[in-house]
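So you can see what is in the structure, the chains are spelled out below.
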Amino acid sequence: DAKTTQPNSMESNEEEPVHLPCNHSTISGTDYIHWYRQLPSQGPEYVIHGLTSNVNNRMASLAIAEDRKSSTLILHRATLRDAAVYYCILRDHSGNNAGNMLTFGGGTRLMVKP
Amino acid sequence: EAEVAQSPRYKITEKSQAVAFWCDPISGHATLYWYRQILGQGPELLVQFQDESVVDDSQLPKDRFSAERLKGVDSTLKIQPAELGDSAMYLCASSHDRVVGNTEAFFGQGTRLTVV
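Predicted model only: the values in this text are computed from it and were never measured. (Residues numbered from 1 in each chain as written. Chains lettered and ligands numbered in written order. Predicted model: local features only at pLDDT ≥ 70, side-chain atom pairs only at ≥ 80, totals over all residues. Heavy atoms only, no water.)

Draft legend 1. Inspection of the side chain of A:His24 at higher detail. Residue and element names in this part refer to chain A. As for its position among the elements, His 24 is in the loop between strand 2 (18-23) and strand 3 (31-38). Assessed through its relative accessible area of 0%, His 24 is described here as buried. Within polar-contact distance, the side chain of His 24 engages the backbone oxygen of Arg 68 at 2.8 Å. (Helix = DSSP H or I, 4+ residues; strand = E, 2+ residues; numbered from the N terminus. Buried < 20%, exposed > 50% of the residue type's maximum accessible area, 1.4 Å probe, protein only. Polar contact = N/O pair within 3.5 Å; in protein donor to acceptor, adjacent residues only side chain to side chain.)

Draft legend 2. A look at the pairing of strand 2 of chain A. All names here are of chain A. Residue alternation in strand 2 divides its side chains into a buried set, Val 18, Leu 20 and Cys 22, and an unburied set, His 19, Pro 21 and Asn 23. The pairing of strand 2 with strand 7 (residues 70-75) spans six bridges and is antiparallel. When the bridges of strand 7 are listed, Pro 21 appears paired with Thr 72. (Pairing = 2+ DSSP bridges.)

Draft legend 3. Structural view of the interface of chain B and chain A. With 25 residues of chain B at the contact, the number on the chain A side is 23 residues. The tally of links between chain B and chain A comes to five residue pairs in polar contact (both at pLDDT 80 or more). Listing elements by their share of the side of chain B that touches chain A, those giving two or more residues are strand 4 (31-37), strand 5 (44-50), strand 6 (53-56) and strand 9 (88-95) of chain B. Sorting elements by how many residues they give to the side of chain B that touches chain A places strand 4 of chain B first, with four residues. For the side of chain B that touches chain A, the residue count by class is nine nonpolar, twelve polar and four charged. (Contact = heavy atoms within 4.5 Å. Nonpolar A, V, L, I, M, F, W, Y, C, P; charged D, E, K, R; others polar.)

Draft legend 4. Layout of the environment of A:Asn23. All names here are of chain A. Residue placement: Asn 23 occurs in strand 2. With relative accessibility at 45%, the residue Asn 23 sits in the partly exposed group. C-alpha of Asn 23 to C-alpha of Glu 45: the two residues are 22 residues apart in sequence and 21 Å apart in space. Those residues in contact with Asn 23 that sit more than four places away from it in its chain are Lys 3, Thr 4, Thr 5, Lys 69 and Ser 70.

Draft legend 5. Structural detail: unusual backbone geometry. Residues B:Ser7 and B:Pro8 are joined by a peptide bond in cis, for which omega reads -10°. By the secondary structure assignment, B:Pro8 is in the loop between strand 1 (5-7) and strand 2 (10-13). Even without being glycine, A:Arg68 reaches a positive phi, approximately 65°. Residue class for A:Arg68 comes out buried when judged on its relative accessible area of 9%. Unlike most non-glycine residues, B:Ser16 shows phi in positive territory, near 80°. Topologically, B:Ser16 is positioned in the loop between strand 2 and strand 3 (19-24). On the basis of relative accessibility, which here comes to 53%, the residue B:Ser16 falls in the exposed class.

Draft legend 6. Inspection of the state of the cysteines at higher detail. Summed over all chains, the structure comprises two disulfides over all chains. There is a disulfide in this structure between A:Cys22 and A:Cys88, and the S-S distance comes to 2.1 Å. Here A:Cys22 and A:Cys88 share a disulfide; its torsion about the S-S bond, -85°, makes the bridge left-handed. Taken together, the residues A:Cys22 in strand 2 and A:Cys88 in strand 8 (residues 84-92) connect sequence positions 66 residues apart. When sorted by exposure, A:Cys22 lands in the same class as A:Cys88, which is buried. Between the sulfur atoms of B:Cys23 and its disulfide partner B:Cys92 the distance amounts to 1.9 Å. Residues B:Cys23 and B:Cys92 share a disulfide whose torsion about the S-S bond is about -70°; that sign makes it left-handed. Separated by 69 residues along the polypeptide, B:Cys23 in strand 3 and B:Cys92 in strand 9 bring together distant segments of the chain. (Disulfide = S-S within 2.5 Å.)

Draft legend 7. Local environment of the pattern of salt bridges. Residues and elements named next belong to chain A. Summed over all chains, the structure comprises eight salt bridges over all chains. For Arg 77, the salt bridge goes to Glu 15, with nearest N and O atoms at 3.6 Å. Here Glu 15 lies in the loop between strand 1 (9-13) and strand 2 and Arg 77 lies in the loop between strand 7 and strand 8, a separation of 62 residues in the sequence. In this structure, Asp 82 engages Arg 37 in a salt bridge whose closest nitrogen and oxygen atoms are separated by 2.9 Å. Separated by 45 residues along the polypeptide, Asp 82 in the loop between strand 7 and strand 8 and Arg 37 in strand 3 bring together distant segments of the chain. In this structure, Asp 82 and Arg 37 share a single accessibility class: buried. Among the charged side chains, a network of salt bridges with common partners joins Arg 37, Glu 45 and Asp 82. (Salt bridge = Lys/Arg side-chain N within 4 Å of Asp/Glu carboxyl O.)

Functional significance is not addressed by these values, which are geometric in nature.
Here it is in C-alpha cells:
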C-alpha cells in the first residue's frame, strides 16, 4: 500500500489559516488523495479528496504538488471546532477491490488556541 | 441526512463473554467496513465487504472475531470470547464506490467496548 507521512501534531490560533502537510512520495498514478478528520469521541468524517488538481469545498482546500508526492490541507480560518485528528489517505482507483480500501495512519492532531 | 447507524453506542462485557455489534449502512452503499480504534491510534481495518462478500479480512483475528453481511445490507461483528485487549472503539463505515477510489466513506458514531 502507498503510505503517507504526517506530523504528529500542529497548533494554530483561532481565525488563522492552517496548512496541514502530507507526504506521499510512493504515490501511484491511480491513487486519489483523501483527507478525513476525527473530532473527539466521534467517527471520522470526510473532508476532501483530489487526484491532480487543487480542490475546494465548503470545509477546506486541497493543494496537490505538481509531482503529486505531497499535498496540503488548508483550513482557511480555523475555529475551535476544527480541533481534531486529520488523516491523509491514498485510495487507488485502478478498478480492483483494493481501491475501495481506506487505510488510516496516525494522522495529525490539530490543536486550536483561542 | 442519511447516516450509518451503529448499536449499541456503549458496551461493557466481562472477559470470556460473547459480544456483538450491529451496523446499518447508508442505503445503496455496496461497500461496508469495520474498524477497531484503540485510544490514541488511528482506525485499523478489520474487515471490508463488497455487497455480501468479504473483500479483505486479513487483519481480523479469526480465532475470536467473525463478521457477516448476509443480505448485503446490514452487518454484524462478533467477538467470542472477549479479551481485555479488545477494549476499543469499533467503527462501521460505508461507501457506494461506483467509481472506485473516487467516493467518500461515511462513518457511524461507533461502539465503545470495555472488557472487564
